[in-house]
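Spelled out from the first residue to the last, the chains are:
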Amino acid sequence: MTNELRYDGRVAIVTGAGNGLGRVHALLLGARGAKVVVNDLGGDVHGGGKSSAAADQVVAEIIAAGGEAVANYDSVEDGDKIVQTALDHFGGIDIVINNAGILRDSSFAKMTEDDWDLIYRVHVLGAFRVTHTAWPHMRNKGYGRIVMTTSAAGIYGNFGQANYSMAKMGLIGMANTLAVEGASKNVLVNTIAPLAGSRISETVMPPQMLEALKPEYVAPLAAYLCHESSKENGSLFEVGAGFHAKLRWERTQGHHFQGKAFGPEEIAEKWAEIGDFNDATYPKTIGESLMSILQGVNSPFGQGN
Ligand code: NAI
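Residues numbered from 1 in each chain as written. Predicted model: local features only at pLDDT ≥ 70, side-chain atom pairs only at ≥ 80, totals over all residues. Heavy atoms only, no water.

Draft legend 1. Here's a closer look at the sheet that holds strand S6 (residues 187-194). Pairing within the open sheet is mixed, and its eight strands lie in the order S3-S2-S1-S4-S5-S6-S7-S8. Both edges of this open sheet fall to strand S3 (68-72) and strand S8 (243-247), since each of them pairs with a single strand only. Direction aside, the axes of adjacent strands within the sheet are offset by 20° on average. Bridge count for S6 against strand S7 (residues 236-240) is four bridges, and the pairing is parallel. Its bridge partner being in S7, proline 194 is matched across the sheet by valine 239. Packing of helix H3 (residues 79-90) onto the sheet brings it into contact with strand S1 (11-14), strand S2 (35-39) and S3, and relative to S3 it is tilted by some 145°. (Pairing = 2+ DSSP bridges. Helix = DSSP H or I, 4+ residues; strand = E, 2+ residues; numbered from the N terminus. Axes fitted to C-alpha atoms, helices over the stretch in contact; angles between N-to-C directions. Contact = heavy atoms within 4.5 Å.)

Draft legend 2. Structural detail: the nonpolar core. By size, the foremost hydrophobic cluster in this structure holds 32 residues, and its most contacted members are Ile13, Ile93, Val96, Ile146 and Met148. Within the residue set of this core, elements represented by two or more residues are S1, H3, helix H4 (113-141), strand S5 (144-149), helix H6 (162-182) and S6. Ranked by the residues each element gives to this core, the list is headed by H4, at nine residues. Beyond its immediate chain neighbours, meaning those up to four positions away, isoleucine 93 contacts Val11, Ala12, Ile13, Val83, Ala86, Leu87, Ala134, His137 and Met138. Counting 29 residues, the second largest nonpolar core, distinct from the first, contains Ile62, Ile97, Val218 and Val239. (Core = buried A, V, L, I, M, F, W, Y, C linked by side-chain atoms within 4.5 Å. Buried < 20%, exposed > 50% of the residue type's maximum accessible area, 1.4 Å probe, protein only.)

Draft legend 3. Broad picture of the pattern of salt bridges. Under the counting rule described, the total for this entry stands at eleven salt bridges. Glutamate 4 is paired through a salt bridge with arginine 6; the nearest N and O atoms lie 3.0 Å apart. Under the relative-accessibility criterion, glutamate 4 is labelled partly exposed at 44%. For arginine 6, a relative accessible area of 34% corresponds to the partly exposed category. Salt-bridge contacts for aspartate 8 lead to arginine 6; the nearest nitrogen and oxygen are separated by 2.9 Å. Taking the relative accessible area as the measure of exposure, aspartate 8 reaches 49% and is therefore partly exposed. A single network of salt bridges, built from pairs that share partners, joins Glu4, Arg6, Asp8 and Arg32. (Salt bridge = Lys/Arg side-chain N within 4 Å of Asp/Glu carboxyl O.)

Draft legend 4. Region of the structure containing the site of the ligand. Around the ligand there are 31 residues in total, and Asp40, Asn99, Tyr164, Ser198 and Arg199 lie nearest to it. Here an oxygen atom of the ligand sits 2.8 Å away from a polar atom, N or O, in the main chain of leucine 21. At a separation of 2.8 Å, an oxygen atom of the ligand approaches a polar side-chain atom of arginine 199. For the ligand, the protein covers 98% of the area, taking 830 Å² as the surface of the free molecule. Residue assignment for the shell around the ligand shows that the elements contributing at least two residues are helix H1 (20-31), H4 and H6. (Near = heavy atom within 4 Å. Polar contact = N/O pair within 3.5 Å; in protein donor to acceptor, adjacent residues only side chain to side chain. Areas by Shrake-Rupley, 256 points an atom, 1.4 Å probe, with all protein chains shown as cover.)

Draft legend 5. Expanded view of the packing of H4 against H6. With their axes 8 Å apart at the nearest point, H4 and H6 run at an angle of 15° to one another. It follows from the interaxial angle that H4 and H6 lie roughly parallel. For the crossing formed where H4 meets H6, the hand is right-handed. Contacts between H4 and H6 involve Asp115, Trp116, Ile119, Tyr120, His123, Val124, Ala127, Phe128, Thr131, Trp135 and Arg139 from the first element and Ala162, Asn163, Tyr164, Met166, Ala167, Lys168, Leu171, Met174, Leu178, Glu181 and Gly182 from the second. Looking at the contact of H4 with H6 residue by residue, the classes come out as 14 nonpolar, four polar and four charged. (Parallel < 35°, antiparallel > 145°, perpendicular 65-115°, else oblique. Left-handed = near helix turned anticlockwise from the far one by under 90°. Nonpolar A, V, L, I, M, F, W, Y, C, P; charged D, E, K, R; others polar.)

Draft legend 6. Highlighting empty space enclosed by the protein. Applying the stated rule across the entire model yields one cavity of 30 Å³ or more. Roughly 60 Å³ of internal volume is contained in the largest cavity. In terms of lining, the largest cavity is formed by Thr15, Val76, Asn98, Asn99, Ala100, Val122, His123, Gly126, Ala127, Thr149, Lys168 and Leu171. For the lining of the largest cavity, the secondary-structure elements that each account for two or more residues are H4 and H6. When grouped by side-chain class, the residues that make up the lining of the largest cavity number five nonpolar, six polar and one charged. (1 Å grid on protein atoms, 1.4 Å probe; cavity = no way out; pocket = protein on both sides within 12 Å on 5 of 7 lines; lining within 4 Å. Points joined across faces, edges and corners; volume = space filled by probe spheres on them.)

Draft legend 7. Representation of H4 in the model. A rise of 1.5 Å per residue sets the reference length of H4, with its 29 residues, at 42 Å; its end C-alpha atoms lie 40 Å apart and thus fit the reference within 8%. The largest bend in H4 is about 35°, located at arginine 121. One or two steps after H4, the chain reaches glycine 142, where phi turns positive at roughly 75°. (Expected span 1.5 Å × (residues − 1). Bend = angle between axes of the 7 residues up to and from the residue.)

Here you go:
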């Protein structure tokens with residue numbers, strides 16, 4: 001048996017922790033010694049309504065198991081209030097799991113601006129507000145662990161989820177830059193793309209699949225990424241049903257015209273080469289990306305001469 005990873009003395013915010021994945025993240029961290037702010041607006045899966053019951057129930061479960069927790073019922077759109085709850089009750093903030101989420105699925109043709117806007121506000125603006133308020137506290141302390149929750153719909157696209165895909169891919173972009181900005185202060189930011197049976201996924205998954213996908217199979221990775229022993233930063237993981245894997249960008253060797261004139265015809269001629277993933281590369285940073293684009297180019301602003 002490996003040594004138990006503990007979170008004693010750490011303060012964690014888990015957003016949307018009244019149900020599904022967030023609930024299990026909160027229970028796990030609470031059982032391992034973290035002081036947990038259980039945030040949940042208590043609305044329905046489409047973002048309607050409001051109730052304190054969901055967060056209260058999870059707080060009661062954590063306390064009954066011997067842990068420490070406090071409820072917060074604000075929307076993540078008021079993320080500053082959620083962080084304030086952590087500061088008021090526990091005197092600091094070490095861990096944020098941005099997990100709150102809703103769906104407003106619709107084919108793109110039928111999607112309204114409200115569908116687009118609400119999904120943006122809960123997923124992207126909400127994660128921004130919580131994280132942005134927690135950020136200076138973490139940087140000043142020289143310690144922070146942040147997890148974003150994306151989705152396969154964001155990474156790969158999914159019919160009827162243009163708004164959700166936009167938001168979920170936005171979180172990956174935000175995490176990538178926060179990982180760069182936070183690293184020197186030991187504030188590490190990673191992203192998980194979970195698959196789990198919950199009220200959000202029961203709308204898009206068959207019942208037998210939901211049974212195989214317990215939220216309990218996702219929480220250990222989120223908790224590990226929030227542990228002080230984890231030095232992982234700026235990474236993206238797919239997780240569910242016991243499966244854990246890391247994703248990265250892959251780029252073809254491509255074709256560089258190196259200063260030669262080219263138009264759409266030359267692009268067409270080199271199309272197979274541009275798309276050939278043999279000997280692919282895996283740029284990890286913006287620097288690595290720029291390096292091969294600028295390879296053999298004397299001036300970054302000209303066509304080379
Ligand atoms: P869920 O519906 O069971 O739980 C989400 C919780 O977030 C709910 O308790 C809800 O009240 C809360 N919430 C919604 N809007 C909020 C707001 N404005 N402020 C505070 N709390 C709010 O859903 P589930 O499946 O546990 O989802 C958790 C996260 O995982 C979401 O971000 C979702 O997009 C993401 N996800 C889930 C997948 C799955 O297979 N379950 C797949 C991919 C991503």
